[in-house]
Each structure stands twice: as structure tokens, then as C-alpha cells.
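Descriptive structure summary
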Amino acid sequence: MPAIDVKPAAAPKPRRRTRRLGALGLLGIAILAGWLLVALIGPWLLSGDAIGAAQVFAPASSAHWLGTDYLGRDMLARIVLGARYTVGVALLSTVLACGTGILLAMFAAASGGWIDAVLSRALDTLTSVPSKMLALLMVAAFGASVPVLVTTAAVIYVPGAYRIARALAVNIYAMDYVAVACARGEGRLYLMVREILPNIVGPMLVDLGLRFVYVVLLLASMSFLGLGVQPPAADWGTLVRENIGVLADGGVAVIAPALAIASLTIAVNLAIDSLAGRRGRAR
Amino acid sequence: MGASVDVRDLRVVAQSDQDEQVLVEGVSFSMRPGEVLALIGESGSGKTTTALALMGYARPGCRIAGGSIRIGEVEVTALDAAAQRRLRGRTVAYIAQSAAASFNPSRTLMDQVVEPVRIHGLMPREEAERKAVALFRELALPEPERIGARYPHQVSGGQLQRLMAAMAMMADPDVIVLDEPTTALDVTTQIEVLGAFRRVVRERQVTAVYVSHDLAVVAQMADHVLVMRHGRPREYARIEQVLEAPAEAYTRELLAAAHPAPRPSALTPEATAERALLEVRELSAGYGKVDAKGRPEQLILHDIELKLWRGQTIGVIGESGSGKSTLARCIAGLIEPCEGYVLFDNRYLARTVAERTRENLRRIQMVFQIADTALNPAQEIGEILARPLRFYFGLRGAPLRQRVAELLDLVKLPAAVAGRRPGGLSGGQKQRINLARALAAQPDLILCDEVTSALDPVVAAAILDLIAELRRELNLACLFISHDLHTVRALCDEVVVMRHGRKLAQVAREDYARGPHHPYYELLARSVPELRRGWLDEVLAQPHHAA
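Residues numbered from 1 in each chain as written. Chains lettered and ligands numbered in written order. Predicted model: local features only at pLDDT ≥ 70, side-chain atom pairs only at ≥ 80, totals over all residues. Heavy atoms only, no water.

**A few points about the overall build of chain B**
Of regular secondary structure, chain B possesses 22 helices and 20 strands. The C-alpha radius of gyration of chain B comes to 25 Å, within 12% of the 24 Å expected for a compact globule of 547 residues. With 547 residues in all, chain B has 55% of them scored as buried. Considering only contacts within chain B whose residues lie at least 6 apart along the sequence, 69% involve residues at least 24 apart. Summed over its atoms, the accessible surface of chain B is roughly 22,700 Å², and 48% of this surface lies on carbon and sulfur atoms. Taking the 67 positively charged and 68 negatively charged side chains of chain B as two groups, their mean positions are separated by 3 Å. (Helix = DSSP H or I, 4+ residues; strand = E, 2+ residues; numbered from the N terminus. Rg over C-alpha atoms; globule rule 2.2 N^0.38 Å. Buried < 20%, exposed > 50% of the residue type's maximum accessible area, 1.4 Å probe, protein only. Contact = heavy atoms within 4.5 Å. Areas by Shrake-Rupley, 256 points an atom, 1.4 Å probe, with all protein chains shown as cover. Lys, Arg positive; Asp, Glu negative; His and termini not counted. Charge placed at Lys NZ, Arg CZ, Asp CG, Glu CD.)

Right under this line is the structure:
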């Protein structure tokens, strides 16, 4: 009998990458890339002195594109310098939180039994502590340095990432291909990295995007309360707080940093959505 | 009373971003009231799509693009959405393959059975319940007065399937669509359900469309058959004509696959002179909490004894829940037995994978039932096959690639498949990869767990041929687990019959036709549908099945 079910590979239609990502996805990636670039090389882009004493709360003009702040500093320069803190700290803590969450989740799923139970209950306990209060305590105890902020945000968001990753990993672990690998004699590390991880990366990317937004908002609100990055350094949350006085007048000094925060979180979600969607369709 | 159905030039397409893909094209048939038409073909042949079109329904992303569907005097394609909703459940009713997935687990059966007539506002609740009880009785359900108060998990699969039929019949539809209604059932249950379905269809004179991939089942139910392949009709004739004088080559292939020919054995007399390759002694296993004596709460396997020689294939047969998969997993070390031993090549095997040597793990390989879940969708085929080669033999570089190509050749797949992911392969191709991965370890024994059950008959026959060929080429011993006695008898040197975790009987190949055997074996043998008209009547006439 001939091998009846062998047919030639249906060659995937060559499509431009841009089409698959969609216009919105590209927009998100572009904005995100822009902010990352600003965070990395921003300080060298600035020509003049950021602390030039100009008019306080000047409106947008050709000299100061986004006006000036409450001390007469150029707002654009402040946002560019703040990008380093907002984007950097948020990205670091999100990656840390999701990475730790995924690792622990895969370990729990591949181990099962008491390890799974202990890990899950321990992280559930962490969830029951109010996040703002935990942040307050951490800052009060260790000061408001960048490493403390990154750790705090990461600790707060590990349990959420763990929960989702564990739910996914447990389902994957029940699959026959994992049983095949077990029967072959593979170790726990192989099961985690080669069998489980590739199958949960897609959904976890989406989760990462959501969690990034939470982290940005947490950091911004901490800064707004004065618990975040300390002056003279300033992230976007601080900028909003500093210039809150002109909010009633619709001053550009308070709207600009708020818009920057919004654009970052929206861009991340657009980018992640289109990337995850593309992965989904590729299956 | 049924209605006539007339379908002309039906065309259903799937629409994606830009292009259109034709799912069904050029399908025409007509049925008189009370007739039963079978739509038969492999998965993806468009048979369900055609059947759903009778309700004016196309799955999400698809649409009925052309042709006409007349039920009685009504042109279905011309109805607006509201009129189509009225049509469904009232004029045309649908019985799905998996009743378990179609019932809401948190509501009583009666609530759900009367729901369609309540939604359409056809009759008050009390009247609906009286009618439901009458239908339960007609469908030979136990305790017709009280079964409605139960929840879906409190009845068996076969009963659930009949309850679904009751739900479909509540509104006295003119046409019912039965979509593989017995495929998920055990053979002995299937008989009762088929009998109940046929009685209801005949007595009420409904026009029925029966979708199936199983010609033997169809032969009991249908008047006409429409054979479909790749979305097009291949043959449309009376059932007798299809069975006796099929016009199309594809129909003949289907017929051949329906009664599999015996495959040559790989067992030699010299092999049986040695000690057995695998010996299972008094093996028991189970799940749940372990008591003081080390016995788990729920015993799945009781005192199993089994001997398997090099080159021999033993078929393990039983219905779902009989413990046959658990047996394979115990031998593979995936489940720890609570009592008994497994001897392999004259040595005691450790109980779990973690305690076994890599060499012993290599020599016993397991092939899983559903290739979809047995292949990691995130890995390329090349990697899936390369891993055991690296793991057991430490192969790298060119020899590794060469061996992967050899393995693909062994299971008759082109080398180019190595670069693809499982998602890009058909069901049969995936099962071949599944086999190839087991063979990569150069095992002495393979444990095949229902490897052909999820495949279309023609594809399954090809896989059986492949296994038969490979076991001879490689002198493999094989434990072949299946619920299908036909398949097992065609391939295996001996058949072990299991029920409720116990081994009931063991029958050698030369005794298949000679009896008498254990009554349960006889029952199973009788229950496998045969490819002739009137088989169901004969079986139902026998005292055991008198429903």
C-alpha cells in the first residue's frame, strides 16, 4: 500500500511581515522603540541646559516645545530624562516579575505534590498584602533607590504572573508529549525548558504586556505620592506631581508627562497583542 | 411525520482575510419523507458541513455560498436569521457526536431536554415533561419517570446520547441530523443506542441524515449513502448497491478498510523457545490514597498476568475504563504498581521511570493514542525525532541528521517533513512521526495505546500495515491496546480481554474463529458492527440485547 497521506507541503504564501503585524501593531512597536531609544540615549540628545532659568510654566513655544515646569525647566528635557526611570524601572521589574513567576510555575508544575502546594500557598499569601502598603513599607525600610523600586514592583507582581503561568503549565504538563519525555527518562529541567516553556510563552507574553501596564501605573502612583525616584531625578509620575498646580489651567507641563505614560502603556499593549496574535495564527 | 429534503449544488466556503476556500461543492441529493441518508467520508471530507447546512448553519468563518436547500416547501437559504432560528430545533434537529460536551453539567437533564420546546414556546412545561418521559421510555432509558431529575454526570455515555436524541425529538422535527452519534461509545453500548435511534426514526417517520465514517454502522441505519471526499460527492447510491457493487475506487478502499485483512505475524517458533521478553506477574495498580497495606483507594488493575515473546504482538482489548491504558503505563513505568512485578528480559524492572536505568527505558517505548497531544506543537519534527537519538545514543551533527532522515524514510514520510511543526501535518502523518520517535530508541518492545482509534479507516489501515511491516523488519514485540476487536484480530498473535481491571481471557490467533470463548469475549465479538444489512436486527434479536 502506498503511503497515501503524504502530500507536498503547502508552501506558506509569502506575505510581508508588516501585513501580519497590522498597522496598530506596527504603531505600538514604533512608539515603544522610540521610548526605548529615548531612555537609552536621551541625555545625549539634549542640546541646551535643562535647568535654564526661564519663565515658570511657560506655554509651548519654539524655544520650549512642551513649555517649562514649575521651576522654569524645559519640559521636553525633563520627559526625556524621566524616560530612563519610567521605562527602565518598569521594564526591569516586569521582566523580573514575569520571569520569576514563569520559572517558579514551571518548577511547581513539573514537580507537583508538596512543592507545588507550598509554592502556590506561599505566593497566594503574598497576594493578600495590599500592594501600595507593601511598597510603602519597602521604601520606608530601604529608601527609594532604583534597585529597591525594581525589587518592590517585581515582588508585588510575581504572584499574579505565577498564577497564570502555573495554570498554563499544569495543562501542558498533562499532555502526552510530556509523558513521552518522562518515559524517556528526561530530567525536570528538560521538561520545563523544552516541553513546557515554548507552549506557554505566547500567552505569557500577553500577560507580560498587561503586567507592564500595572507596573508603570504602580510606579507612577508611588512617584506621585513622593515614594518613587527622588529629586532631582524624576520619572514621569514625579513630573505629574510637581506640576499638578497647573492642571486646572490645562497646562502642558502636567498633561505632557501624563500623555507620555499613556502612550507607553498603550504602545506596549498594541505591540504585544499583534505579536501574540501572529503567534496564534502561525499554529 | 417527516418532510422531503432536496439539496441542489450546495456550495459552502470558508472565508479568511483575502482568499476563499471551498469546503463543499456540487453536493446534490434528495430524500423522500422518512428516508435515512448517510453521509460518509474521512475527516475533512465536508460531511458535517453538509449536514449543518440543512439547518441553514455554517460554522463561524464559513458561509453557504450557493445552491438550494429545500425542506418540505421551505427554501432554507432564503430565510432570514430569525426564521432560521425558528427552523432549528423545530423543523430540523441536531444530535451531536459528544453528548457529554453538549449538556450543561450544572442543570438537570429534564431542564435541558425540555428547553428547546420552551424556547420556541411550543408547549407548557408540564406537557413537555410528560412528552419527555414518553420519549425516554421509547428510547429504552432506565427509570423513565425519574431519570430527568438527574444531572449529566449521573448517567452513562450511552444514556446521555439517547437523552440527546430525546431532546432533539421533543419538538417533533421533520428532519433530524445525527452527527457521528455513536462514535465515542463502546461497541456494546453502541448497539443499544443504534437500536433506540432506529426505532424512533422509523416509528415517527422522520427524515434523517446520518453522518458517520463507519460504513458498517451506516449499513444498519441508512437507505441511501452519499460518499464524500475533499468536499465533493464521490458516490450516491442505495446502500445495498454501495455494499455489493461500489462504483468508485475510493468507496472500495473504504469497504476494504472496514474489514481489515489479517497481517502476517512476526512471531517465529524459535522465539517462543526462549524465555519471554516481557513477563507481567500479579500486577495491581490504582489511584488515590494508599491504605496501611499499601493498597490505593481505587484499584484499576487486579492481578494481571501476561507473557510476551520477542516478535510477538499481543492485543489488549476492553471497553473504556477496563484498565488497558493503565496496564501499558505500568509497564512503561509512568504509573507505580502497588503489587506485582514486571520482568523484562529475565530481570526485574524497577517500578518507576525514575528508578529505571536509561538502557531499560530505551528498550521499552510507548506510542500514545492521540498524535495531536503526543507531539509537542512547539517543536519541529526534526527536533522531536532527534531528541531520543541524542538522549540515548549521544548522536550529533551529520550522523544525527542522517538517522532522522532514515527514520522518516522508515515510516514512509519525505525528508522535508523534518522542518515542519506537528500543526502542518495530517493525522496519519502525525501518527507516523509518533511511531518513528518510538523507533528512534531502537526498542525491543513498543506499547501502542489506541494508535489507530483517532484516525480515519483508510489512514488507520495504512498505519496497521506499517506496524506489521516494522515489527517484522525490526523483530519488535508489541503490546497493542485497542477497543476495536477487528483491528486487534487483524494484527495480533494473541488477544487479551480485559474488563473492570481484570484479565478475563486470552485467545490465540488460531482460535479466533473457534469457540467457545469467555462469554464477554463472545459479546464483544458479536458487538462489532458487520458490513452487511440486517446485522443489527440479528444482534438485537439475541436475548442479551433485547432492549
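**Overview of the overall build of chain A**
Secondary structure summary: chain A contains nine helices and zero strands in total. Beginning at the N terminus, the succession of helices and strands in chain A can be written as α-α-α-α-α-α-α-α-α. With 283 residues in all, chain A has 43% of them scored as buried. Partitioning the intrachain contacts of chain A with sequence separation of at least 6 by distance along the chain shows that 70% fall at a separation of at least 24.

**Thoughts on the domain arrangement of chain B**
When the domains of chain B are assigned, the result is domain 1 (5–91 + 173–257), domain 2 (95–167) and domain 3 (269–530). Domain 2 of chain B and domain 3 of chain B are separated by 39 Å when their C-alpha centres are compared. (Domains from an automatic or database assignment.)

**Concerning the sheet that holds strand β18 (residues 477–482) of chain B**
Residue and element names in this part refer to chain B. What the six strands build is an open sheet, ordered β16-β17-β18-β13-β19-β20; its pairing is mixed. Either end of the sheet is taken by a strand with one partner, and the two such strands are β16 (364–367) and β20 (502–508). Averaged over all neighbouring strand pairs, the angle between strand axes comes to 20 degrees, with direction disregarded. As paired strands, β16 and strand β17 (residues 445–449) are joined by four bridges and run parallel to one another. For Val 367, the partnering residue across the bridge sits in β17 and is Cys 448. Sheet strands in contact with helix α13 (residues 324–332) are β13 (313–317), β16, β17, β18 and β19 (494–499), and its direction is about 150 degrees off that of β17. (Pairing = 2+ DSSP bridges. Axes fitted to C-alpha atoms, helices over the stretch in contact; angles between N-to-C directions.)

**Remarks on the packing of aromatic side chains**
Residues and elements named next belong to chain B. In total, this model carries five aromatic pairs over all chains according to the counting rule given. Seen from their ring centres, Phe 391 and Tyr 392 are 5.2 Å apart, and the 80 degrees between their planes marks the pair as edge-to-face. Between Tyr 392 and Phe 393 the ring centres are 6.4 Å apart and the planes differ by 65 degrees, which places this aromatic pair in the edge-to-face class. Each residue in the set Phe 391, Tyr 392 and Phe 393 is aromatic and connected to the rest through ring pairs, giving one cluster. (Phe/Tyr/Trp six-rings, centres within 6.5 Å; stacked < 30°, edge-to-face > 60°.)

**Considering the sheet that holds strand β5 (residues 74–75) of chain B**
Residue and element names in this part refer to chain B. An order of β2-β1-β4-β5 is seen for the four strands of this open sheet, with the pairing classed as antiparallel. The sheet terminates laterally at β2 (20–31) and β5, the two strands that pair on one side only. Pairing analysis gives eight bridges linking strand β1 (residues 5–15) to strand β4 (residues 62–71), with the strands arranged antiparallel. Directly across from Ala 14, in β4, lies its bridge partner Cys 62.

**Looking at helix α6 (residues 176–184) of chain A**
Most of α6(A) is tucked away: nine of the nine residues are buried. Gly185(A) sits one or two positions beyond α6(A) and adopts a positive phi of about 100 degrees.

**Observations concerning empty space enclosed by the protein**
Under the defined criterion, the tally for this structure stands at five cavities of 30 Å³ or more. Taken as a whole, the largest cavity holds about 100 Å³ of empty space. Val180(A), Ala183(A), Arg184(A), Ala332(B), Arg356(B), Asn360(B), Leu361(B), Ile364(B), Gln365(B) and Met366(B) together form the lining of the largest cavity. For the lining of the largest cavity, the residue count by class is six nonpolar, two polar and two charged. (1 Å grid on protein atoms, 1.4 Å probe; cavity = no way out; pocket = protein on both sides within 12 Å on 5 of 7 lines; lining within 4 Å. Points joined across faces, edges and corners; volume = space filled by probe spheres on them. Nonpolar A, V, L, I, M, F, W, Y, C, P; charged D, E, K, R; others polar.)

**Overview of a nonpolar patch on the surface**
A contiguous nonpolar surface patch, about 600 Å² in accessible area, is contributed by Leu37(A), Leu40(A), Ile41(A), Trp44(A) and Leu45(A). Secondary-structure assignment places Trp44(A) in helix α1 (residues 17–45). (Patch = residues over 30% accessible without salt bridge, like charges linked within 9 Å, V, L, I, M, F, W, Y side chains within 5 Å. Salt bridge = Lys/Arg side-chain N within 4 Å of Asp/Glu carboxyl O.)

**Some details on the pattern of salt bridges**
Residue and element names in this part refer to chain B. The tally for this structure, following the rule as stated, stands at 42 salt bridges over all chains. Salt-bridge contacts for Glu 42 lead to Arg 229; the nearest nitrogen and oxygen are separated by 3.6 Å. Taken together, the residues Glu 42 in the loop between β3 (36–40) and α1 (47–53) and Arg 229 in strand β9 (residues 224–229) connect sequence positions 187 residues apart. As a salt-bridge pair, Arg 125 and Asp 111 come within 2.9 Å of each other at their nearest N and O atoms. Of the two residues, Arg 125 sits in helix α6 (residues 125–138) while Asp 111 sits in helix α4 (residues 109–113), which places them 14 residues apart along the sequence. The class of Arg 125 is partly exposed, set by a relative accessible area of 30%. Through salt bridges with shared partners, a single ionic network connects Lys 131, Glu 138, Asp 172 and Arg 204.

**Digging into unusual backbone geometry**
Residue and element names in this part refer to chain B. Of note in the backbone geometry, Asp 345 takes a positive phi value of approximately 55 degrees without being a glycine. Relative to the helices and strands, Asp 345 resides in the loop between β14 (339–344) and β15 (347–348). Residue Asp 345 is classed as partly exposed on the basis of its relative accessible area of 32%. Phi is positive for Lys 412, close to 60 degrees, though the residue is something other than glycine. Relative accessible area serves as the criterion here: at 30%, Lys 412 is assigned to the partly exposed category.

**Digging into the packing of helix α16 (residues 381–393) of chain B against helix α17 (residues 397–410) of chain B**
Residues and elements named next belong to chain B. It is at 10 Å that the axes of α16 and α17 come closest, and there the two elements cross at 115 degrees. Judged on the interaxial angle alone, α17 and α16 are roughly perpendicular. Where α16 crosses over α17, the handedness of that crossing is right-handed. Counted together, Ile 381, Gly 382, Leu 385, Ala 386, Leu 389 and Arg 390 of α16 and Leu 400, Arg 403, Val 404, Leu 407 and Leu 408 of α17 form the full contact between these two elements. A class-by-class count of the residues in the contact of α16 with α17 yields eight nonpolar, one polar and two charged. (Parallel < 35°, antiparallel > 145°, perpendicular 65-115°, else oblique. Left-handed = near helix turned anticlockwise from the far one by under 90°.)

**Focus on the pairing of β4(B)**
The side chains of a regular strand alternate between the sheet's two faces. Residue and element names in this part refer to chain B. Looking at chain direction, β4 and β5 are connected through two bridges and run antiparallel. Across the sheet, Ile 71 pairs through a bridge with Val 74, a residue of β5. Joining the antiparallel neighbours β4 and β5 is a turn of two residues, in which Gly 72 adopts a positive phi near 60 degrees.

**Quick look at α13(B)**
A turn of α-helix holds 3.6 residues, and therefore any two residues three or four places apart point the same way. Residues and elements named next belong to chain B. With seven of nine residues buried, α13 is to be regarded as a mostly interior element. Burial in α13 covers these residues: Lys 324, Thr 326, Leu 327, Ala 328, Cys 330, Ile 331 and Ala 332. Positive phi appears at Gly 333, one or two residues downstream of α13, with a value of about 90 degrees.

**Overview of the confidence of the model for chain A**
Residue and element names in this part refer to chain A. Of the residues in chain A, 84% have a pLDDT of 70 or more, and the chain-wide mean is 81. Per-element confidence in chain A is highest for helix α5 (residues 146–173), whose mean pLDDT is 92, and lowest for helix α9 (residues 252–282), whose mean pLDDT is 78. A low-confidence stretch, residues 1–18 (pLDDT under 50), is modelled with 24 contacts involving residues beyond four sequence positions or located in other chains. (pLDDT = per-residue confidence, 0-100.)

**Some points on the confidence of the model for chain B**
Residues and elements named next belong to chain B. Residues with a pLDDT of 70 or more make up 99% of chain B, whose mean pLDDT is 87. Between the elements of chain B, mean pLDDT differs from a low of 74, seen in helix α12 (residues 269–273), to a high of 93, seen in α16. We note a pTM of 0.78 for the whole complex and an ipTM of 0.76 for its interfaces.

**Description of the environment of Ala109(A)**
With respect to the element layout, Ala109(A) can be found in helix α2 (residues 75–111). Every residue in contact with Ala109(A), bar those within four places of it in the chain, is listed here: Ala169(A), Val170(A) and Tyr173(A).

**Re the packing of α2(A) against α5(A)**
When two helices pack together, their arrangement is given by the angle between their axes and by how far apart the axes lie. Residue and element names in this part refer to chain A. One can describe the packing of α2 onto α5 by two numbers: an axis separation of 5 Å at closest approach and a directional angle of 35 degrees. Crossing angle aside, the handedness with which α2 passes α5 is right-handed. Residues belonging to the contact of α2 with α5 are distributed by class as follows: 26 nonpolar, three polar and one charged.

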